[in-house]
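# Remarks on the overall topology
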Amino acid sequence: MTQAPSKSNSQNLSQQHNARGTVAPNLRYPSNKKTIYDRNLNRSKNAELSRAAFAYLFVEMISYAQKRVKGIADLEARLNTQGYPLGLKLLDLLLSRTPTSSAQPPTTRPTKILPLLQFITTTLWRHLFNRPADALERSAENASEYMISDNEPLVNQYISVPKEMSQLNPMALVAGIVEGVCDGAGFTTRGVSAHWANGTSVPEASGTTGPGMWPGKTIILIRFAPEVLEREEILSRGSGT
Amino acid sequence: MVVFALLIINKAGGLVYNREFHTGLAKLSSNDLLILAGTFHGVHAITRSLIPSSLKPISNPGTPQNFPQRPSGLEVLESSHFRLTCFQTLTGTKFLLFTEPAQPNVDSVIKRIYELYTDFVMKNPFYTVEMPIRCQKFDAGLDAFVRVKS
């Protein structure tokens, strides 16, 4: 009982929480009783993670997902699901870390599409990959679609996708993170997906560098729900008058 | 300075990768290459046990070592036309590099190839360990490195 509190006896859960650290130190409760939740949020602000550690973790994430899927679309959906909760939390974390001087009002969540996308391509990208995204475009055909492109995705740095799975882009994980950020900020999406720039699924925007220069170029396609666009219109009308 | 070819042999003696960078060696069919890899694996195993007993590491049976110093076996094979350098990783994968006899710094070349292997093969989620290597980025990395080098 002390090992794993079930949901039924939640009234003494906090009591157990304190007791567990002393009874059996395990993975979640280290011997000095300082869990990751006890640390200051800003402690890891400038911390960097080993790229190899991420690469090996990602290998395991993909093979874990691969064992349980039927097709490529399924695998992509699973990666997306793995990224989604990260996005929800990163939104809050990064907003809380945004520097504000006392003269300025405290940080607010992005309420319009453009600031949200800018938050994703600069703040989020810089946090994840240490550099901003390479381009942000609006689809010419569909006003609700936005595209973020990354010429050399760090996630795919060591990965060669076999020919029979060429539709798969492991950046689906990052697409999931982006979806989490959008949802967390109140922008419902009809799906965020990752595509290879040299594929045929996404119309190639004119003027951008071709896939010859960046063979790994990846486009993350965000499709906002119609009600988001509707709200956007009302908001801009309100500010205009 | 010419690097002729690279073979990678898994720990069971199977050929998992072969690549020719420059012509100069006799053309071998894929079957012959497999036989060559298997034969080399056997010869390597024999040479490993062929060391003088005076050089054998003194092992105290009372204190088990986590990483005992093992004899490395065949490392270089030289002929008038080529030199074969063998590098064995800790896990038993063997890298065979065929170069010209006069090629300098083969050690650093092979180390770099090992690095490329750990990056683009071992960190690739679609690669199954001990199976033949089919990784685009590994090929591209090798090409870029060996071509620049020669």
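A quick note: this is a predicted structure, and the numbers were derived from the prediction, not measured.

What counts and what doesn't
- Residues numbered from 1 in each chain as written.
- Chains lettered and ligands numbered in written order.
- Predicted model: local features only at pLDDT ≥ 70, side-chain atom pairs only at ≥ 80, totals over all residues.
- Heavy atoms only, no water.
- Salt bridge = Lys/Arg side-chain N within 4 Å of Asp/Glu carboxyl O.
- Helix = DSSP H or I, 4+ residues; strand = E, 2+ residues; numbered from the N terminus.
- Buried < 20%, exposed > 50% of the residue type's maximum accessible area, 1.4 Å probe, protein only.
- Axes fitted to C-alpha atoms, helices over the stretch in contact; angles between N-to-C directions.
- Parallel < 35°, antiparallel > 145°, perpendicular 65-115°, else oblique.
- Contact = heavy atoms within 4.5 Å.
- Nonpolar A, V, L, I, M, F, W, Y, C, P; charged D, E, K, R; others polar.
- Pairing = 2+ DSSP bridges.
- Buried area = accessible area lost by both parts, 1.4 Å probe.
- Polar contact = N/O pair within 3.5 Å; in protein donor to acceptor, adjacent residues only side chain to side chain.

Once that is clear, we can look at the pattern of salt bridges. Residues and elements named next belong to chain A. Within this structure, the stated rule accounts for 9 salt bridges over all chains. For Arg237, the salt bridge is made with Glu233, and the minimal N-O distance between the two is 3.6 Å. Separated by 4 residues within a single helix, Arg237 and Glu233 lie in helix H6 (residues 226-240), roughly one turn from each other. Looking at Arg237, the relative accessible area reads 52%, which means it is exposed. What you see here is one network of salt bridges that share partners, running through Arg131, Asp134 and Asp150.

Residues and elements named next belong to chain A. With their axes 11 Å apart at the nearest point, helix H3 (residues 72-97) and helix H4 (residues 113-129) run at an angle of 95° to one another. Relative to H4, H3 is oriented roughly perpendicular. For the pair H3 and H4, contact is made by Leu90, Leu91, Leu94, Leu95 and Arg97 and by Phe119, Thr123, Leu124, His127 and Leu128, respectively. Of the residues in the contact of H3 with H4, the class split is 7 nonpolar, 2 polar and 1 charged.

Residue and element names in this part refer to chain B. Burial of strand E4 (residues 83-88) is extensive: 5 of the 6 residues sit out of reach of the surface. As paired elements, strand E3 (residues 76-78) and E4 share 3 bridges and run antiparallel to each other. Looking at E4, one finds that Glu78 is bridged to Arg83. Hairpin connection between E3 and E4: a loop of 4 residues separates the two successive antiparallel strands. The turn joining E4 and strand E5 (residues 94-99), which pair antiparallel and follow one another in sequence, is formed by 5 residues; a positive phi near 100° is taken by Gly92.

Opposite the 15 residues of chain A that make contact, chain B presents 11 residues. Of the roughly 1200 Å² buried at the junction of chain A and chain B (both faces included), carbon and sulfur atoms supply 64%. In this assembly, chain A and chain B are joined by 5 residue pairs in polar contact (both at pLDDT 80 or more). Among the residues making up the side of chain A that touches chain B, the classes are represented as 11 nonpolar, 4 polar and no charged.

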